[in-house]
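Spelled out from the first residue to the last, the chains are:
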Amino acid sequence: MQEQALYVVAAIVIGLLLLFVLFRVLWKVAEPNEALIISGLGTGGNTKSRPDSMGFKIITGKGTLVIPGFQTARRLSLDTHGANLQVSCVTQQGLPVTVRAVVIYKVGDDFVSIANAARRFLDQQSGMNNTIHELFAGHLRSICGGLTIEDLIHNRDALTGAVRQSSADEMSKLGLVVDSLQIQEIDDESGYILNLGKPHAAAVAASARIAEAQRDQEATEAEQAAQARKAAAVRESQIQQAGYQAEVDQARAKSGQSGPLAEATARQEVVVQETRAAELEANLSEQRLLSEISKPADAKAYETRTIADAERDARIARAQAEAKETELRAAADATRVKTAAAAQAEATRARGEAEAAATRATGEAEAAAARAKGLAEAEAAQAKGLAEAEAIKARAAALAENQEAVVAQQLAENWPEIVQAGASALGNVDHMVVLNGAEGVGDMFGKALSLGGTGLGLARTLMRAMQDEDGKAEAPVVGSDGAAAGDAVRNIPVDRSPLRHTDS
């Protein structure tokens with residue numbers, strides 16, 4: 001009985017193991033990065049995992065039992081895929097360019113996208129890259145044809161957005177979604193992009209050269225300033241070293257003198273001590289006899305002498321210190337006076353040179369001005385003389401040709417003065433009586449005009465006589481004619497009574 005029980009238990013255990021193995025073989029589990037596509041018997045009743053009436057079931061993230069022979073389970077990868085694009089395009093400007101991009105895509109996570117991808121790529125999952133390449137290459141060519149190279153370079157985000165938007169419908173039908181689309185590089189065979197960057201590169205290079213030149217200038221100025229400060233520091237150091245050397249020499253000289261002085265002091269002290277010892281030995285007996293009297297006196301004398309020596313040593317030390325201080329002060333004053341004298345001498349020399357240069361320049365300028373003024377005055381005098389000579393020559397020629405015309409011109413030019421001189425004779429007449437009315441007035445003016453004619457004849461006679469005498473003609477003197485006309489007018493008999501008109 002026990003053996004039968006054991007057999008039964010063993011059979012049960014083996015059966016359970018077989019059932020477990022069979023269940024394990026029939027149970028299919030979908031990994032997180034894949035979807036199970038189950039088709040066959042009993043796959044049309046689950047509406048949650050069946051997005052349409054195609055008759056297959058989609059399992060994601062869990063397991064299901066698959067009956068061999070009645071059902072088929074295949075796996076669709078939900079991993080991310082990448083497709084490299086290299087598309088030759090022609091821009092709006094007619095320039096050929098090559099666009100290199102990369103598309104990161106995957107099957108959508110919803111059941112509709114998984115179903116669409118399963119219908120198209122379940123047995124051809126390795127061909128997804130080719131499909132994506134052809135799809136995006138066509139859209140890239142279409143979009144790049146409406147853009148310029150500048151738009152492609154500066155607005156890559158707009159380009160990628162336009163490509164993704166234009167391909168959204170196709171990608172949705174394929175059950176795919178784009179995770180990322182990046183334009184990696186844009187090349188052109190004509191060198192257009194390279195030429196676009198040359199002006200900016202030239203401007204940057206020019207700015208760099210300008211900045212470098214400015215930095216070099218600043219560095220040079222800083223170096224010059226540092227060298228100037230270094231020279232000033234060296235000068236100050238040399239001055240201080242010279243002062244220190246003077247103090248060292250002074251101390252060395254003083255120390256050289258202190259040796260003999262110390263020896264003399266020591267010998268003096270020895271003599272003093274020997275003398276004191278002799279005196280003590282000589283007066284020993286006397287001091288013994290007079291110890292009560294001489295001991296206090298000797299103590300007092302010793303105290304006085306000690307105090308005196310101390311005061312003497314203090315005075316000597318004080319005198320030496322004062323002498324050293326005076327010597328150092330004198331050396332410093334001498335150095336300061338010497339420096340000031342040198343600076344004043346340099347300033348005086350520079351001032352003298354400047355004044356000499358100014359005096360020389362002033363003298364040269366005054367000499368040049370005087371020379372120019374003399375030349376100008378000489379040229380003016382020469383021109384004036386030539387003009388006067390030409391005028392005299394022209395006047396002589398005119399007199400030789402037509403004396404009467406010249407005389408008439410001179411009289412016409414000076415006629416106001418002649419008339420004024422003739423009228424001045426009547427200036428003091430208070431009353432004038434003209435007889436015979438209008439005939440008397442006409443007679444008076446006729447006489448005045450006859451005086452002018454007489455003056456004209458007189459002038460012509462004088463000029464003809466002068467021409468015969470000297471061979472030259474000069475302009476008539478208007479003043480004499482005017483005086484003659486005035487004398488002629490003065491000879492007219494006048495009445496001092498008020499002017500009145502009478503008819504005879």
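Student: Describe the overall build of the protein chain, and please don't skip the residues or the numbers.
Tutor: Per the secondary structure count, the protein chain includes 13 helices and 10 strands. The buried share of the protein chain, taken over its 504 residues, is 20%. Counting only contacts in the protein chain whose residues sit at least 6 apart along the sequence, the fraction spanning at least 24 positions is 75%. As displayed, the protein chain has an accessible area near 34800 Å², and 58% of this comes from carbon and sulfur atoms.

Student: Now, about helix α7 (residues 192-282): what can you tell me, with residues and values included?
Tutor: The terminal C-alpha atoms of α7 lie 130 Å apart, and with 91 residues this matches the ideal 135 Å at 1.5 Å per residue to within 8%. Approximately 30 degrees is the largest bend angle found in α7, and it occurs at K198, with the proline P199 only one to four residues beyond.

Student: How would you sum up the sheet that holds strand β7 (residues 96-107)? Please name residues and give values.
Tutor: Pairing is antiparallel in the open sheet, where 3 strands are placed in the order β6-β7-β8. For this open sheet the edge positions go to β6 (81-90) and β8 (176-188), each flanked by a neighbour on one side alone. Shown here is a sheet whose adjacent strand axes are inclined to one another by a mean of 20 degrees, direction ignored. Where β7 lies against β8, 11 bridges are found, and the strand directions are antiparallel. The residue of β8 that forms the bridge with Y105 is V178. Strand contacts of helix α3 (residues 128-144): β6, β7 and β8, with the helix running at about 35 degrees to β6, the strand carrying the most contacts.

Student: Run through the packing of α3 against helix α5 (residues 156-166), naming residues and quoting values.
Tutor: Orientation of α3 relative to α5, taken along the N-to-C sense of each, is 125 degrees, at an axis distance of 10 Å. If you check the angle between α3 and α5, you find them oblique. The chirality of how α3 crosses α5 is right-handed. Contact residues: F136, H139, L140, I143 and C144 in α3; L159, A162, V163 and S166 in α5. Class assignment for the residues of the contact of α3 with α5 results in 7 nonpolar, 2 polar and no charged.

Student: Can you explain the nonpolar core? Please cite residues and give values.
Tutor: Among the nonpolar cores identified, the biggest contains 42 residues, and F136, L140 and L176 are the most heavily contacted of them. A per-element tally of this core places α3 first, with 8 residues. L36, I38, I59 and V66 belong to the second-largest nonpolar core, a separate cluster that totals 5 residues.

Student: Which residues make up the sheet that holds strand β5 (residues 71-77), and what values go with them?
Tutor: Here we have 3 strands laid out as an open sheet, ordered β3-β2-β5, and antiparallel in their pairing. A single partner strand is all that each edge strand has here, and the edge strands are β3 (56-59) and β5. With strand direction ignored, the average angle separating the axes of adjacent strands in the sheet is 25 degrees. Set on the sheet, helix α2 (residues 111-121) makes contact with β2 (34-40), β3 and β5; between it and β3 the angle comes to about 120 degrees.

Student: Mind laying out α5, listing which residues take part and the relevant values?
Tutor: Considered for burial, the residues of α5 that qualify are L159, T160 and V163. Buried residues of α5, viewed axially, fall in a sector of 95 degrees; they line one side. Facing away from the buried side of α5 by more than 90 degrees, the exposed set consists of D157, A158 and Q165.

Student: Before we move on, could you go through the side chain of H139 and cite the residues and values that matter?
Tutor: Assignment of secondary structure puts H139 in helix α3. Of the residues examined, H139 reaches a relative accessible area of 15% and is grouped as buried.

Student: Provide a residue-level description of a nonpolar patch on the surface, including the pertinent values.
Tutor: Nonpolar side chains collect at one region of the surface, where V8, I12, L16 and L19 lie side by side and expose about 390 Å² of accessible area between them. You can see V8 is positioned in helix α1 (residues 2-26). For V8, a relative accessible area of 46% puts it in the partly exposed group.

Student: Requested: an account of the pattern of salt bridges, with residues and values cited.
Tutor: Scanning the entire structure with this criterion turns up 13 salt bridges. As a salt-bridge pair, E325 and R329 come within 2.7 Å of each other at their nearest N and O atoms. Here R329 and E325 lie together in helix α9 (residues 291-401), a separation of 4 residues that amounts to about one turn. By relative accessible area, E325 is classed as partly exposed at 45%. Measuring nitrogen to oxygen at the nearest pair gives 2.9 Å for the salt bridge that ties R349 to E353. With a gap of 4 residues between them, R349 and E353 both fall in helix α9, about one helical turn apart. Given the relative accessible area of 47%, E353 is considered partly exposed. Because the salt bridges share partners, they merge into one network encompassing R100, E185 and D187.

Student: Can you explain the pairing of β7? Please cite residues and give values.
Tutor: In terms of residue burial, β7 counts as a mostly covered element, since 9 of its 12 residues are buried. Where β6 folds back onto β7 in an antiparallel hairpin, the turn is made up of 5 residues, including G94, whose phi is positive at roughly 80 degrees.

Quick notes on the rules
Residues numbered from 1 in each chain as written. Predicted model: local features only at pLDDT ≥ 70, side-chain atom pairs only at ≥ 80, totals over all residues. Heavy atoms only, no water. Helix = DSSP H or I, 4+ residues; strand = E, 2+ residues; numbered from the N terminus. Buried < 20%, exposed > 50% of the residue type's maximum accessible area, 1.4 Å probe, protein only. Contact = heavy atoms within 4.5 Å. Areas by Shrake-Rupley, 256 points an atom, 1.4 Å probe, with all protein chains shown as cover. Expected span 1.5 Å × (residues − 1). Bend = angle between axes of the 7 residues up to and from the residue. Pairing = 2+ DSSP bridges. Axes fitted to C-alpha atoms, helices over the stretch in contact; angles between N-to-C directions. Parallel < 35°, antiparallel > 145°, perpendicular 65-115°, else oblique. Left-handed = near helix turned anticlockwise from the far one by under 90°. Nonpolar A, V, L, I, M, F, W, Y, C, P; charged D, E, K, R; others polar. Core = buried A, V, L, I, M, F, W, Y, C linked by side-chain atoms within 4.5 Å. Arc of directions from axis to C-beta. Patch = residues over 30% accessible without salt bridge, like charges linked within 9 Å, V, L, I, M, F, W, Y side chains within 5 Å. Salt bridge = Lys/Arg side-chain N within 4 Å of Asp/Glu carboxyl O.

Nothing here speaks to function; it is geometry throughout.
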